[in-house]
Amino acid sequence: MRYSKYFIPTLREVPADAEVVSHKLMARAGMIKKLASGIYSYLPLGVVMIKKVEEIVRQCMNEAGAIELVMPSVQPAELWQESGRWDFYGKELLRIKDRHNRDFCYGPTHEEVITDIIRSYISSYKALPINLYQIQTKFRDEVRPRFGLMRGREFIMKDAYSFDVDDAGANESYKKMYDAYCKIFERCGLRYKVVEADSGAIGGSYSHEFMVLADTGEDFVISCDSCDYSANVEKAPLKNEYKPFAGEMKPAEDIETPGAKTVAEVAEFLKVPDAAIIKTMVLNVDDKIIAVCVRGDHELNLAKVKNYFDASIVDFATPAEIFDHTGSPMGFCGPCDIKIPVYGDFAVTEMGNYCVGANSKETHKINVNHGRDFQFEAVDDFRNAEAGDNCVACDGKYEITKGIEVGHIFKLGTKYSSSMNAMFLDNNGKRNPFVMGCYGIGVTRVVSAAIEQNHDEKGIKWPVHLAPFKICVLPLAMKDKDVVETAENIYKNLTDRGIEVLLDDRDERAGVKFNDAELIGIPLRVVVGKKTLADGKVEIGVRSTGESSETAVDDCCEEIVRKLQELSA
RNA sequence: CGGGGUGUAGCGCAGGUUGGUAGCGCACCUGUCUUGGGAACAGGGGGUCGAAGGUUCAAAUCCUUUCACCCCGACCA
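Treat the numbers as computed from the prediction; the structure is a model and nothing was measured. Counting starts from 1 at the beginning of each chain's written sequence and moves along it residue by residue. Each chain is given a letter, starting from A, and each ligand a number, starting from 1, according to the order in which they appear as written. Where local features are concerned, this predicted model is filtered to residues with pLDDT of at least 70; where side-chain atom pairs are given and counted, the filter is 80 or more; whole-chain, interface and lining totals use all residues. Think of the side-chain values as coming from all heavy atoms in the structure, minus any hydrogens and water.

Trainee: Can you walk me through the overall build of chain A in this structure?
Mentor: Helix and strand labels come from DSSP, where a helix needs a run of H or I of at least four residues and a strand needs a run of E of at least two; each type is numbered from the N terminus. Summing up its helical and strand segments, chain A has 15 helices and 31 strands in all. Taking the principal axes of its C-alpha atoms as reference, chain A extends roughly 95 × 70 × 55 Å. Relative to its full complement of 569 residues, chain A shows a buried share of 53%. As displayed, chain A has an accessible area near 26000 Å², and 49% of this comes from carbon and sulfur atoms. Positive and negative side-chain charges in chain A, numbering 71 and 89 respectively, have mean positions lying 4 Å apart. A 1.4 Å probe rolled over the protein chains alone gives each residue an accessible area, and that area as a share of the maximum for its type sets the label: buried under 20%, exposed over 50%, partly exposed in between. For the area figures, the Shrake-Rupley method with a 1.4 Å probe applies, and any residue is considered shielded solely by the protein chains shown. In this tally, Asp and Glu contribute negative charge and Lys and Arg positive charge; neither His nor the terminal groups of the chain are included. For charged residues, the charge sits on one atom: NZ in Lys, CZ in Arg, CG in Asp, CD in Glu.

Trainee: Would you explain the sheet that holds strand β13 (residues 253-256) in this entry?
Mentor: Sheets are built from strands paired through backbone hydrogen bonds, the pairs being either parallel or antiparallel. One open sheet holds the three strands; their spatial order is β13-β19-β18, and the pairing between them is antiparallel. At either end of the open sheet lies a strand with only one pairing partner, and these are β13 and β18 (354-357). Here the average twist between neighbouring strands, direction ignored, is 35 degrees. A pair of strands counts as paired when DSSP detects no fewer than two bridges linking them. For β13 and strand β19 (residues 363-368), the ladder comprises four bridges, and the chain directions are antiparallel. Note that in β19 the partner of D254 across the bridge is K365. Axis definition: a line fitted to C-alpha atoms, over the contacting stretch in the case of helices. Angles run 0 to 180 degrees between N-to-C directions.

Trainee: Explanation requested: the domain arrangement of chain A in the structure shown.
Mentor: Where the parts come together, the accessible area they lose is often given as the size of the interface. Parsing chain A into structural domains produces domain 1 (48-236 + 400-451), domain 2 (253-380) and domain 3 (469-568). Each domain's limits were defined by an automated method or a database of domain assignments. One C-alpha centre belongs to domain 1, the other to domain 2; they are set 37 Å apart. Counting residues at the interface gives six residues for domain 1, matched by six residues for domain 2. Using a 1.4 Å probe, buried area is obtained as the accessible area two parts lose upon being combined, added over both of them. Of the roughly 430 Å² buried between domain 1 and domain 2 on both sides combined, carbon and sulfur atoms contribute 45%. It is F88, D198 and E234 in domain 1 that bury the most area against domain 2; as a group they hold 72% of the surface buried on that side. Salt bridges are defined by distance alone: a side-chain nitrogen of Lys or Arg within 4 Å of a carboxyl oxygen of Asp or Glu. Counting across the domain 1 and domain 2 interface gives zero salt bridges. Each polar contact in these results corresponds to two N or O atoms within 3.5 Å; when the atoms are within protein, one needs to be able to donate a hydrogen and the other to accept it, and residues that are neighboring in sequence are counted only if both atoms are side-chain atoms. Here domain 1 and domain 2 share three residue pairs in polar contact (both at pLDDT 80 or more) between them. Contacts are assigned to residue pairs that have any heavy atoms within 4.5 Å of one another.

Trainee: Even after reading the chapter, I still don't get the packing of helix α12 (residues 481-496) against helix α15 (residues 556-568), so can you show me in this structure?
Mentor: Geometry of a packed helix pair, given as the angle between the helix axes and the separation of the axes. Closest axis-to-axis distance for the α12/α15 pair is 10 Å, and the angle between their directions is 45 degrees. On the basis of their axis angle, the class for α12 and α15 is oblique. The chirality of how α12 crosses α15 is right-handed. Between α12 and α15, the contacting residues are I490, N493 and L494 on the first element and C556, C557, I560 and V561 on the second. The labels follow the angle: roughly parallel below 35 degrees, roughly antiparallel above 145, roughly perpendicular from 65 to 115, and oblique for the rest. Working rule for handedness: look at the near helix, and if it is turned counterclockwise from the far one by less than a right angle, call the crossing left-handed; if clockwise, right-handed.

Trainee: So what exactly am I meant to see when it comes to the packing of aromatic side chains here?
Mentor: To describe a pair of aromatic rings, you give the distance between the ring centres and the angle between the ring planes. Side-chain rings of Phe, Tyr and Trp (the six-membered ring for Trp) are treated as a pair once their centres are within 6.5 Å; stacked means planes under 30 degrees apart, edge-to-face means over 60, and tilted covers the remaining angles. What the rule picks out here adds up to 19 aromatic pairs. Look at Y6 and F469: their rings are 6.1 Å apart centre to centre, the planes differ by 85 degrees, and that puts the pair in the edge-to-face class. Taken together, the residues span a long stretch of sequence, with Y6 in the segment before α1 (21-28) and F469 in the loop between β26 (459-460) and β27 (471-475) at a distance of 463 residues. With relative accessibility at 6%, the residue F469 sits in the buried group. Site record: aromatic cluster; members linked through ring pairs are Y178, Y181, F185, Y192 and F210. In this analysis the charged atom, NZ for Lys or CZ for Arg, is taken to sit over a ring once it is within 6 Å of the ring centre and within 35 degrees of the ring normal. Lying across the ring of W86, R95 places its NZ or CZ 4.8 Å from the centre. Looking at R506, its charged tip hangs above the ring of Y3, at a distance of 3.7 Å from the centre.

Trainee: Mind showing me how you'd approach the environment of N421 here?
Mentor: Of note, N421 is situated in the loop between α10 (415-419) and β22 (423-425). What makes N421 partly exposed here is its relative accessible area of 49%. When residues no more than four places from it in sequence are discounted, the contact partners of N421 are R119, Y416 and R431.

Trainee: What should I look at first to understand α1 in this one?
Mentor: In terms of burial, α1 is largely enclosed, as six of its eight residues are buried. Buried residues of α1: S22, H23, L25, M26, A27 and R28, and no others. Looking one or two residues beyond α1, the residue adopting positive phi is G30, at roughly 70 degrees.

Trainee: I keep staring at the sheet that holds strand β14 (residues 278-285) and nothing clicks. Help me out?
Mentor: One open sheet accounts for five strands, arranged β16-β14-β15-β17-β20; its pairing is mixed. Of all strands in the sheet, those with a lone pairing partner are β16 (314-316) and β20 (378-380), marking the two edges. Each strand axis lies, on average, 35 degrees off the axis of its neighbour in the sheet, ignoring direction. In this structure, β14 lies alongside β16, joined through three bridges in antiparallel fashion. Opposite V285, over in β16, you have V314 as the bridge partner.

Trainee: When you look at the packing of helix α2 (residues 44-63) against helix α11 (residues 443-453) in this model, what are you seeing that I'm missing?
Mentor: Two numbers describe how α2 lies on α11: the axes approach to 9 Å, and their chain directions differ by 105 degrees. The angle between α2 and α11 falls in the class roughly perpendicular. Mapping the contact onto sequence places M49, I50, V53 and E54 in α2 and V443, T444, V446 and V447 in α11. Residues are grouped as follows: nonpolar covers Ala, Val, Leu, Ile, Met, Phe, Trp, Tyr, Cys and Pro; charged covers Asp, Glu, Lys and Arg; every other residue, Gly included, is treated as polar. For the contact of α2 with α11, a count of residues per class yields six nonpolar, one polar and one charged.

Trainee: Looking at this structure, I do not really get the nonpolar core. What am I missing?
Mentor: Generally speaking, a soluble globular protein has its nonpolar side chains buried in company with each other. The biggest cluster of nonpolar side chains holds 61 residues, and the ones touching the most others in it are M31, Y181, I184, F185, F210 and W462. Top contributing element to this core by residue count: α2, with eight residues. Built from parts of two domains, this core gets at least three residues from each of domain 1 (48-236 + 400-451) and domain 3 (469-568). Other than its neighbours up to four places away in sequence, M31 contacts M26, S41, Y42, L43, L45, G46, M49, V447, I460 and W462. What we call a nonpolar core is a set of buried Ala, Val, Leu, Ile, Met, Phe, Trp, Tyr and Cys residues that are connected through their side-chain atoms within 4.5 Å. Counting residues in hydrophobic clusters, the runner-up holds 27 residues, among them L93, Y416, M420 and F434.

Trainee: Please clarify how empty space enclosed by the protein should be interpreted in this entry.
Mentor: Empty space among the atoms can be located by rolling a probe the size of a water molecule over them. Think of a 1 Å grid over the protein atoms and nothing else: a 1.4 Å probe that fits but is trapped marks a cavity, an open set flanked by protein within 12 Å on at least five of seven lines marks a pocket, and residues with an atom within 4 Å of a point count as lining. Grid points are joined across faces, edges and corners, and a volume is the space filled by probe spheres set on the points. Tallied over the entire structure, the rule returns two cavities of 30 Å³ or more. Space inside the largest cavity adds up to approximately 40 Å³. Taken together, M150, R151, T216, G217, E218, D219, G403, I404, E405 and R445 make up the lining of the largest cavity. For the lining of the largest cavity, the element with the highest residue contribution is strand β21 (residues 398-413), accounting for three residues. Considered class by class, the residues forming the lining of the largest cavity number two nonpolar, three polar and five charged. When its volume is computed, the second largest cavity comes out at roughly 30 Å³. Looking at the second largest cavity, the residues that line it are M26, M31, I32, Y42, G46, M49, I50, L149 and V447. Residues belonging to the lining of the second largest cavity are distributed by class as follows: eight nonpolar, one polar and no charged.

Structure follows, in structure tokens:
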């Protein structure tokens, strides 16, 4: 490709709204342009990047026996009503109406559509298993889009769906995808980690997330320091290793705490550590109001609560609901003398003589003890794991790191096939629902993640397999015939070998060409300048290491190919 | 949705408090010169000051409303 005939509008300055490196660099490298919050145009270089990732994804998916198709981005409401998700999938689902006032949505995911396709055509166990995938633009009306392509509202995703005759088959399909995903992310040159995850809104029995480790990640990954257990904080279970409180119970008393509402304020006021306080959270669990108590310095985990109650929707109760059910203003709730059931996190069992809200304004109770002053309905694992907590799998301790979720695989079971009546006949002639799995990769997010992991102050450093161009040829003096001719020859030679080369044939100064090449992140650079050319040499530079060396013009193409192979290995 | 902030040339920003000629850097166009790390000089083009309404002789500036975008808390590839 000739730079002068291409379109890479690089920016010298960072757009004011870019926050993270990948977003800044993508904007500066002329890959994307924002149209609206969370909605971006992919400029030519951005498209090439997306295609690079897609190419790797396709190859590995096909190898794993999955078959590509494409489903519509706009879907009728009926299908979603059938699966029951029209009402459950909240505001993220972009609902639209057509001219006949019929309800549609812009697809955030495609379980309904694929299930509809499969049930229409497959009615025998003989056609199973089957795994279909697509690479499609999706839309999720995120509450807060941010970080460029990392969390866009419109984004490109590869989603695959497997259908099996039974659980064992589904497990096998799942394993295949697991392995394919590892291959994909390895080939993308990413440092990643596979973690156990909560299955969230998609539903299903178990799932894994593929996390790219990076400081800008929005997810917290728990991993053990001595075994290889790791999980999302949402999921990471904790052991019940707390012994009941055995100390002497002091008499409880109410104490005025003017102005102190949060745990930190109360702790400061009473001069006790956060861990000597119990915070009581009032929750709405499928329209039932309950209270959950966790230690003051711990964080409540709503996903765990949701799973414990096998609920569809769990949310914090509104101030009005709190007042109606406890008589308490928000911030002063406590477990004593309230009508709703009170649950506790494991960690509270060993606490005694602690402080809780007194269910009235500006008042807390101290020296409270469960068993005497109130009863827990049940005690279970309701909090987020933290660094230093004990591993569930061994004697090690948890560590916590940040990650970007680039892939997520779910074993769905029969959730969708049952609700949508997608059945096949088994070898006994009996009707069974398909056992399903679904598997997503955020293609556009992979591009972001790759940049987060591979950059320096000058710009992007693409891993070779992702690089939009493997080599750039920079003639430094466009008015010098020898320089231009030599560069053209090298360009032609390499292009003829099927290598993606960018020839910077713009009449720009050396500095401009160097800076753009480094910003765009091309792995190898060939510099053709007057001085070195006088000695019959050109300079070959490696972006990732910053090394460079001079080579005779006649040998340079061989040398470049050799270096390229070295980088690809 | 709650809290905070920003909208002025393609990009980055000043100006606003004290109303009175719309400014700077980069980019762009023309020319001279230069050419291994974002050159220099000279000349030039480009603006409904986010939008609507109001106050005023006069509004980028003051008032009201509204929209968009960004950041901090509940979602997900």
